[in-house]
Structure formats: C-alpha cells, structure tokens
Amino acid sequence: MRRYLALAIAALALSVPPAAALAASASLPDIEDEVMCPICGTTLELSDSPQGERERAFIRRQIARGRDKEEIKQALVDEYGPRVLAVPGDSGFDLAAWLVPGLVVLGAGGAIALAVVRRRRAEAGEEPPAPPRIDDADGARLDEDIAKYDL
Amino acid sequence: MSTKTFAVFMGVLALVGLLTYGLLSKGEQALAIGDPAPDKTLERLDGGGSGSLADYRGDWVLVNFWASWCEPCRTEAPDLQSFYERHRKDGVTVVGIDLDDTTEDARTFVEEFGLTYPQLRDGDGDERRDAYGMTGFPESFLIDPQGKLAVIRRGPVDERVLREQIEPVIDGRLDPADQ
C-alpha cells in the first residue's frame, strides 16, 4: 500500500510543472492583449502599425531571453511608460472606467438591501389594517340593502 | 422629487461632469510661431544622464522628433546629420528626441546613420506629442536662441527644406513671422 502511495505521489509531482517552468511559458498572444500600442491607442493585438511591429519584436526578444510575462510587462513599462499597460488611466474621462463599475455595484447593493428590508418587514407578520368599523345603524341599513338583491 | 429620481439625477450629473472634465483636460492649445518651445527634462539616449532644450539656450536648435520604426525618419536622418555638421560651429545644433520607441531600437538607428548630434528619448511620447501638437512622425521645430519657436515643420525635412525654410531664418534672411 505504501509503495502505491509513494508511486502516486511521485507521479503527481512529475505531472505538476514547477513554478519556474510555468513562469517561462510567456507567449506573445498572451501578452499582446494586455498591453497597448502607444501610438495607435489600441491593444497591441489589434495593431498592425510599424510601432506595434517593433513592440512585438521587443516582446519576442524578451521571451527568447527567458523572461516571464510579468517581467516582460515591466520591461515594456520601463521602455514605454505605464500607459503601455492596457488599463484605463486615473484622470479625465478614463477615471469613469474605474468609478462607474464601483458606483453600479454600490447602487445595486443598495437596491438589493432596500428590497430585502422591505420584504422582511412585510413578512414580519404585520397584520393588514383592520377594516373600518361601522355602527349598528349602518350595519342594519347594509343588511337591508343586501336583502334587496337575490344573491 | 423622490429619492429614486434624485439618485438617478445625481448619477447622470456625475457622469456628465466626468465627461466634461475629460474633454476639457484633453484640449491642448495649438502651438504658434513665437510661442515658447515646450520643454521637459528627458533621459539621454546614450544613457548619460538627462537633458533638456534649456541646455542649448543661446543657440539655434532644430528639434527633430523621430522614432526608429518611422520610415520617413530614416529618409531624413542623413540630411539632418549633414545640416548639423555644416552649422555646429555657428551656434546651431540639432537635438533629436526619440519617442515611443525602445532604447535598443533607437540606439541601433543612431548607430546605423552615424548620428552625432545630441539625442534625448521619451519612451512614453504621449506628453511630448500633445505638447507640440504632433500629428505624426517625424516633425521638426526650429527654436531661436531665446527658446521661442521660429519654424514648425510637420513631416520630414530634406536638403531643400533645410536650405529654403530653416537656414534663411537662422541667417536672418527670413522673418519667422513671414512664413
């Protein structure tokens, strides 16, 4: 039994690639949708400009040197500045890309919380309001009226 | 006004405010002859520290924005080098500013064309492009000894442009305002 267990552990260990091997598996398609072509204003994957081609060549050189994805993205930032990363800016209209999702989540959360509170109050056994009482004279008149109809 | 209506109104107001701010912050003014040349301290392409156009105050400076991937930049580079060699002793210099480029590619370009005039670089060229109202590559700007724009050249230069539009301004044969 121990032998089988040891074999299973060994097989598992061999089947899981070490972290270094995973890190070294950076590829151009994996990176070019996360970085910008600074001149084109699009992600690199959508660019066929000369500048985009040189940026791809730079990434290929970095891959050939064994750099992992994060190292390559950092190298791109060192060369082109932080704008090369395909994330919205933190000023001007770009700021809306950060704020609007947060506001939407907050608004949706608030609406859900409000709905839950209302529902709980309704379910808390609040009796429906009692119908208005009628005095005896009105009751007699009502009975008299009802009696006129063949119900 | 109900609470719900007020919340929607405030949300719309916030979005309109952001949009307006974004549009206004993008509205750079166009450069004109006689304006002070926009300046910024940039790293030197050869790795030897930093520099700016202010370092050349007192000289005529032909600033050339270029990138190694720009084909017309390759065409004009030899003419700029010739211009620099002809005028460097007359208080005239050329300053290349490499934008949106990798250091390695830019250095290869300088080496390939044997460029000896000073070179600065800004990998994130967005700010320089905005400051000079650039619409493409290359573009060149002649700056007078007081640091003001004397010639704005959108597009590549060649021997003819340098001889007919740049040199007469430097020699005083052509008033920048008459261009």
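Residues numbered from 1 in each chain as written. Chains lettered and ligands numbered in written order. Predicted model: local features only at pLDDT ≥ 70, side-chain atom pairs only at ≥ 80, totals over all residues. Heavy atoms only, no water.

Regarding helix α3 (residues 103–113) of chain B
Residues and elements named next belong to chain B. Rules: Here the term buried applies to any residue with accessible area under 20% of the maximum for its type, exposed to any over 50%, and partly exposed to those in between, with areas from a 1.4 Å probe on protein chains only. Runs of E in the DSSP output that reach at least two residues are strands. Runs of H or I that reach at least four are helices, and both are numbered from the N terminus. Taken from the helix axis, the directions to the C-beta atoms give the arc we talk about.
Thr-103, Asp-105, Ala-106, Phe-109 and Val-110 are the residues of α3 that are buried. Seen end-on, α3 carries its buried residues on one side only, within an arc spanning 165°. Two residues or fewer after α3 comes Gly-114, characterised by a positive phi angle close to 60°.

Let's talk about the state of the cysteines
Residues and elements named next belong to chain A. Our working rule: Pairs of cysteine sulfur atoms within 2.5 Å are identified as disulfides in what follows.
Taken as a whole and judged by the stated rule, the model has two disulfides over all chains. Disulfide partner of Cys-37: Cys-40, at an S-S distance of 2.0 Å. Taking the sign of the torsion about the S-S bond as the criterion, the disulfide between Cys-37 and Cys-40, at about 55°, is right-handed. The exposure class assigned to Cys-37 is buried, which follows from its relative accessible area of 0%.

Some words on the pattern of salt bridges
As a reminder of what qualifies: Whenever a carboxyl oxygen of Asp or Glu lies within 4 Å of a side-chain nitrogen of Lys or Arg, that contact is scored as a salt bridge.
All told, the structure shown has 26 salt bridges over all chains when counted by the stated rule. Measuring nitrogen to oxygen at the nearest pair gives 2.9 Å for the salt bridge that ties Asp-126 of chain B to Arg-83 of chain A. Residue Asp-126 of chain B is located in helix α4 (residues 126–131), and its partner Arg-83 of chain A is located in the loop between α5 (69–80) and α6 (95–123); the two belong to separate chains. Judged by relative accessible area, Arg-83 of chain A falls into the exposed class, the value being 52%.

Overview of the packing of helix α2 (residues 71–87) of chain B against helix α5 (residues 159–171) of chain B
Residues and elements named next belong to chain B. The condition that has to hold: In this description, a line fitted to the C-alpha atoms serves as the axis of each element, helices being fitted only across the stretch in contact, and the angle between N-to-C directions of two axes falls anywhere from 0 to 180 degrees. In this scheme the handedness of a crossing depends on how the near helix is turned from the far one: anticlockwise by less than a right angle means left-handed, clockwise means right-handed. Contact definition: two residues touch when any of their heavy atoms are within 4.5 Å. By the convention adopted, Pro, Cys, Tyr, Trp, Phe, Met, Ile, Leu, Val and Ala count as nonpolar, Lys, Arg, Asp and Glu as charged, and the other residues, Gly among them, as polar.
The contact between α2 and α5 brings their axes to 11 Å, and the two run at 35°. Judged by the twist between their axes, the crossing of α2 over α5 is right-handed. For the pair α2 and α5, the contacting residues are Asp-79, Ser-82, Phe-83, Arg-86 and His-87 in the first and Glu-159, Leu-162, Ile-166, Glu-167 and Ile-170 in the second. Its residues assigned to classes, the contact of α2 with α5 shows four nonpolar, two polar and four charged.

Comments concerning the packing of aromatic side chains
All names here are of chain B. We count it as follows: Pairing of aromatic rings covers Phe, Tyr and Trp, the last through its six-membered ring, and needs centres within 6.5 Å; plane angles under 30 degrees mean stacked, over 60 mean edge-to-face, and all others mean tilted.
Enumeration over the complete set of coordinates arrives at seven aromatic pairs over all chains. Their ring planes at 25° and their centres at 4.5 Å tell us that Trp-66 and Phe-109 sit as a pair that is stacked. Note that Trp-66 is positioned in strand β3 (residues 60–66) and Phe-109 in helix α3, a separation of 43 residues in sequence. The pair Trp-66 / Phe-109 is uniform in exposure class, with both members buried. Seen from their ring centres, Phe-109 and Phe-113 are 4.9 Å apart, and the 50° between their planes marks the pair as tilted. Placement of both Phe-109 and Phe-113 in helix α3 is noted, with a separation of four residues, approximately one turn of the helix. Take Phe-109: its relative accessible area is 3%, and that puts it in the buried class. Feature note: the residues Phe-65, Tyr-132 and Phe-141 constitute an aromatic cluster, connected by ring pairs.

Focus: the layout of surface pockets
Summary: where empty space remains is shown by rolling a probe the size of a single water molecule over the atoms. Keep this limit in mind: Put simply, the grid is 1 Å and covers the protein atoms alone, a cavity is a trapped set of points that fit a 1.4 Å probe, a pocket is an open set with protein on both sides within 12 Å along at least five of seven lines, and lining residues have an atom within 4 Å of a point. Grid points are joined across faces, edges and corners, and a volume is the space filled by probe spheres set on the points.
If you add up the space inside the second largest pocket, you get close to 660 Å³. Lining of the second largest pocket is provided by 19 residues; of these, Leu-103, Gly-107 and Ala-108 of chain A together with Ala-7 and Val-8 of chain B occupy positions nearest its centre. It is α6 of chain A that provides the largest number of residues to the lining of the second largest pocket, a total of 10 residues. Tallied by class, the residues present in the lining of the second largest pocket amount to 13 nonpolar, four polar and two charged.

Remarks on the interface of chain A and chain B
Worth spelling out the cut-off: Buried area: the sum, over both parts, of the accessible surface (1.4 Å probe) that disappears when the two are put together.
If you look at the interface, chain A gives 19 residues, while chain B gives 19 residues. Between chain A and chain B, a total of about 1,600 Å² is buried, with carbon and sulfur atoms accounting for 59% of that surface. Inspection of the region where chain A meets chain B yields seven salt bridges. For Asp-105 of chain B, the salt bridge is made with Arg-54 of chain A, and the minimal N-O distance between the two is 3.0 Å. Among the secondary structure elements, those contributing two or more residues to the side of chain A that touches chain B are α4 (50–64), α5 and α6 of chain A. Broken down by element, the side of chain A that touches chain B gets its largest block of residues, five residues, from α4 of chain A. Across the side of chain A that touches chain B, the residue classes break down as 10 nonpolar, four polar and five charged.

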